[in-house]
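# Inside the fold
Here are the chains, one letter per residue:
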Number of protein chains: 2
Amino acid sequence: MRVFFDPAQRLHAPVAELYGGQLIDPFESPQRADRILDAVSHLGTASEPRDFGREALTRVHAPDFVAFLEECWEAWAAEGFAGDAMTAAMPPDRREAHCPSHIEGRLGYFAFSGESAITSTTFKAARASANTALAAAEAVAQGAKSAFALCRPPGHHCMHAQFGGYCYLNNAALAAQAMRDSGAAQVAILDIDFHHGNGTQDIFYDRADVLFCSIHGDPDRAYPFYLGYSEEVGRGAGHGFNHNFPLPEATAFAAWLEAFEAAAGHISRFGAEALVVSLGVDIYESDPQSFFRISAPNLFEIGRRIAQFSMPTVFVMEGGYANDELGANVARVLTGFTG
Amino acid sequence: MRVFFDPAQRLHAPVAELYGGQLIDPFESPQRADRILDAVSHLGTASEPRDFGREALTRVHAPDFVAFLEECWEAWAAEGFAGDAMTAAMPPDRREAHCPSHIEGRLGYFAFSGESAITSTTFKAARASANTALAAAEAVAQGAKSAFALCRPPGHHCMHAQFGGYCYLNNAALAAQAMRDSGAAQVAILDIDFHHGNGTQDIFYDRADVLFCSIHGDPDRAYPFYLGYSEEVGRGAGHGFNHNFPLPEATAFAAWLEAFEAAAGHISRFGAEALVVSLGVDIYESDPQSFFRISAPNLFEIGRRIAQFSMPTVFVMEGGYANDELGANVARVLTGFTG
């Protein structure tokens, strides 16, 4: 399996995230990447991606959003704020909202969630993460059976034009779009992160050429709370091409596998020519953000089941916050896949 | 002029607000009330309001929102969070959003802005603030020429079903509704706080019986950023009964007065039988949140002009954060009014 990683991803290191009414050490840290990098070294040396350019980003993101990400820090710093760029305000009704010119207002306009900070190097790191996903997609498009994009910051929460949930650019969506642009008529995305991939859903919600299936903690009880319900099935041409499997607290692996097999059925019937897996190992039972009962051996089995699609597959790293087991857990899924 | 104040308002004292990417001492503090109370003592002893009951609140707020405010702290504390209740997540699209059952999701569902915390005593203080406004409205409805409701936490940002901007219940809207319920066929609200009264606008946006006029810092450059533009003129039956006067940075008093006279024209033509003034003295040139050039003597002149409506008038305290001058500035407006 090809592995891709860009060291510039480490540059994103906010001082804090907003959690439980306090500013705490971010769950999503640069050290996560290094833990995973160490644990997957048996798969081969990680390749550094090339720069795919800004144009690649606007294949799935709004140009004004990408411009905002690039300009945010300078405008924020110019106001003399003491902390990283974090938003308090957000539009009560985004569809009718003005995009204000003041950076505090712009920041909220382009955010859907307020815990995640933008620093002087966030855009650089997010682009490195996006390039990593694009390089993995390119390798698979060029004939590799599979590739692992070791991405952080993660991406699946990032919407067409809003960042949040530790995500600034949607790496999995970029990989899927790149597969489409390389000739795959239909691409499926399977999101197994503990949290619903609201950003990926948002990006492909109106489209029939990219199928999105997400298995996750019920948003009634888990972040991102407002999207990820089973009745969200796509819109317009995309109707029937979005499938959510929200699962309740204390879900055991057998119940998780039932959802997986239902998603697998959708993917098989869809006739996908390539698969992108949003790989979050925060489903692990000891993860601080999980409420599933999924053990380390279960993760190996998940990898094994994904291999049964027998499709060109791009794994894109998403969440996972049980630091001591993080690298090993990622390796379990990938080793289960490679067999 | 009758003055009303409830000491229970002091109970709302969050540890911090989110500002500039940091948790800082809240601008909106209990000490604000005491500074104002001292400065207006020449108007007479402040009366404590009676409790108008929960029913009064749901005249302008959604019942599930009021229930949320009451239940929030207990649910938050039960999760073991270390800080006051502060939201990070908010619905990307509120009109189609589920209200999740987990308190983190509920908190964001009922918030439009994330800087403002809810503590164990916030609801009690907000109710005391609301009762203060209702008592002032009652006094005027019963024949007093004018009354000053010394309210804090303030109210004008609080929407029909969302808190934020230091506001948890909309005191001015409650006062206007109470005047309507006491027999005034038409009530005007004049909001002169530096920030747009987005909550009051939201509550009366579809109604022709309550006119809303707001003079404020251009939301393109100032909080609340996403509402307060001049093209927001009301909807349905309320079309033509909402008038915003956004003013640019460095607005001098002469330009402010032009907007005031335009608003006054709307109020006169409307034929209001009673006036509610959302009194924010954060328009003062040395206020940390202001970008207007309005001096202390100008505030006296504003009070004098408001008196020229010759209408039963309820002043409801909103913002003002230049602590050393806060009490004196409020007294300037009220003394200008009483003459």
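Going by the structure above, here's the rest.
So, here is what we can say about the structure in this document. (Residues numbered from 1 in each chain as written. Chains lettered and ligands numbered in written order. Predicted model: local features only at pLDDT ≥ 70, side-chain atom pairs only at ≥ 80, totals over all residues. Heavy atoms only, no water.)

## A look at the interface of chain B and chain A
The interface is formed by 49 residues belonging to chain B together with 49 residues belonging to chain A. A buried area of about 4,000 Å², summed over both sides, lies between chain B and chain A, and 58% of it is on carbon and sulfur atoms. Interface area lost by chain B to chain A is led by B:Pro92, B:His98 and B:Tyr226, which between them contribute 20%. Linking chain B to chain A there are zero salt bridges. Across the chain B-chain A interface, the total number found is 16 residue pairs in polar contact (both at pLDDT 80 or more). Elements that contribute at least two residues to the side of chain B that touches chain A include exactly β2 (17-19), β3 (22-24) and α4 (103-109) of chain B. When residues of the side of chain B that touches chain A are assigned to their parent elements, the largest contribution, four residues, is made by α4(B). (Contact = heavy atoms within 4.5 Å. Buried area = accessible area lost by both parts, 1.4 Å probe. Salt bridge = Lys/Arg side-chain N within 4 Å of Asp/Glu carboxyl O. Polar contact = N/O pair within 3.5 Å; in protein donor to acceptor, adjacent residues only side chain to side chain. Helix = DSSP H or I, 4+ residues; strand = E, 2+ residues; numbered from the N terminus.)

## Points about the pairing of strand β5 (residues 187-191) of chain B
Residue and element names in this part refer to chain B. Extensive coverage of β5 is indicated by the burial of five of its five residues. Two elements, β5 and strand β6 (residues 210-217), share five bridges in a ladder whose sense is parallel. Paired with Leu-190 across the strands is Cys-213, a residue of β6. In this fold, β5 hands off to helix α7 (residues 198-204), which returns the chain to β6; that crossover is right-handed. Bridge analysis of β5 against strand β9 (residues 274-279) gives five bridges, and the strand direction is parallel. Across the sheet, residue Ile-189 finds its bridge partner in β9, namely Val-276. (Buried < 20%, exposed > 50% of the residue type's maximum accessible area, 1.4 Å probe, protein only. Pairing = 2+ DSSP bridges. Right-handed = clockwise from strand over helix to strand, strands pointing away.)

## Regarding the packing of aromatic side chains
Summed over the entire model, instances satisfying the criterion amount to 40 aromatic pairs over all chains. Between the aromatic rings of A:Tyr19 and B:Phe81, the centroid separation amounts to 5.7 Å while the plane-to-plane angle is 85 degrees, which identifies the pairing as edge-to-face. A residue pair is termed interchain when its members come from two chains, as with A:Tyr19 in strand β2 (residues 17-19) and B:Phe81 in the loop between α3 (63-78) and α4. By relative accessible area, which is 34% here, A:Tyr19 ends up partly exposed. Pairing B:Phe68 with B:Phe110 gives two aromatic rings, centres 4.9 Å apart and planes at 25 degrees, and the pair type is stacked. Taken together, the positions of B:Phe68 in helix α3 and B:Phe110 in the loop between α4 and α5 (122-141) put the pair 42 residues apart, joining distant regions of the chain. Through pairs of rings, three or more aromatic residues link up here, namely A:Tyr19, A:Phe27, A:Tyr166, A:Tyr321, B:Trp76 and B:Phe81. One Lys or Arg, A:Arg50, reaches over the ring of A:Phe52 and ends 3.9 Å from the middle of that ring. (Phe/Tyr/Trp six-rings, centres within 6.5 Å; stacked < 30°, edge-to-face > 60°. Lys NZ or Arg CZ within 6 Å of the ring centre and 35° of its normal.)

## A look at the relation of the copies chain B and chain A
Note on the chain copies: they are related by a rotation about an axis and a translation along it. After a rotation of 180 degrees and a shift along the axis of 0.0 Å, chain B superposes on chain A with an RMSD of 0.0 Å. Those values place the two copies in the arrangement expected of a two-fold rotation axis. By C-alpha distance to the rotation axis, the residue of chain B lying nearest is B:Asp93, at 3.2 Å. Taken as a fraction of all interface residues of chain B, those also at the interface in chain A reach 100%, which identifies the copy contact as same-surface. (Least-squares fit on C-alpha atoms with pLDDT ≥ 70 in both.)

## Description of the sheet that holds β6(B)
Residues and elements named next belong to chain B. A sheet is described by the order of its strands in space; here seven strands give the open sequence β1-β4-β11-β9-β5-β6-β7, paired in parallel fashion. At either margin of the open sheet sits one strand with a lone partner, and together these are β1 (2-4) and β7 (242-247). Between one strand axis and the next, the sheet turns by 15 degrees as a mean value, whatever way the strands run. Judged from the five bridges that link them, β9 and strand β11 (residues 313-317) form a sheet pairing that is parallel. Pairing of Leu-279 across the sheet is with Met-317, part of β11. Most of the contacts of helix α10 (residues 323-338) go to β11, to which it runs at about 175 degrees, and overall it touches β4 (146-149), β9 and β11. (Axes fitted to C-alpha atoms, helices over the stretch in contact; angles between N-to-C directions.)

## A look at the packing of helix α8 (residues 253-270) of chain B against helix α9 (residues 296-307) of chain B
All names here are of chain B. At a minimum axis distance of 12 Å, the contact between α8 and α9 shows a crossing angle of 15 degrees. What the angle tells us is that α8 and α9 run roughly parallel. Here the hand of the crossing between α8 and α9 comes out right-handed. Every residue of α9 that contacts α8 at Phe-253, Trp-256, Leu-257, Phe-260 and Glu-261 is listed here: Asn-298, Glu-301, Ile-302, Arg-305 and Ile-306. Among the residues forming the contact of α8 with α9, the class breakdown is six nonpolar, one polar and three charged. (Parallel < 35°, antiparallel > 145°, perpendicular 65-115°, else oblique. Left-handed = near helix turned anticlockwise from the far one by under 90°. Nonpolar A, V, L, I, M, F, W, Y, C, P; charged D, E, K, R; others polar.)

## Digging into helix α10 (residues 323-338) of chain A
All names here are of chain A. Counted at 1.5 Å a residue, the expected span for α10 with its 16 residues is 22 Å, and the 24 Å between its end C-alpha atoms agrees. All of the buried residues in α10 are Leu-326, Gly-327, Asn-329, Val-330, Ala-331, Val-333, Leu-334, Gly-336 and Phe-337. For α10, the elements touching its buried residues are α1 (30-39), β4 (146-149), β9 (274-279), α9 (296-307) and β11 (313-317). Positioned one or two residues after α10, Gly-339 has a phi angle of 80 degrees, which is positive. (Expected span 1.5 Å × (residues − 1).)

## Points about the sheet that holds strand β6 (residues 210-217) of chain A
What links the strands of a sheet is backbone hydrogen bonding, and the strands pair in either a parallel or an antiparallel sense. Residue and element names in this part refer to chain A. What the seven strands build is an open sheet, ordered β1-β4-β11-β9-β5-β6-β7; its pairing is parallel. A strand with exactly one partner marks an edge of an open sheet, and here the two such strands are β1 (2-4) and β7 (242-247). The sheet shows a mean angle of 15 degrees between the axes of neighbouring strands, taken without regard to direction. Packing of helix α5 (residues 122-141) onto the sheet brings it into contact with β1, β4 and β11, and relative to β4 it is tilted by some 175 degrees. Relative to the sheet, helix α8 (residues 253-270) contacts β5 (187-191), β6, β7 and β9, its axis offset from that of β6 by approximately 175 degrees.

## With respect to α9(B)
Under the 1.5 Å per step criterion, the end-to-end length of α9(B) is 18 Å for twelve residues, consistent within 8% with the ideal 16 Å. All of the buried residues in α9(B) are B:Ala296, B:Asn298, B:Leu299, B:Glu301, B:Ile302, B:Gly303 and B:Ile306.

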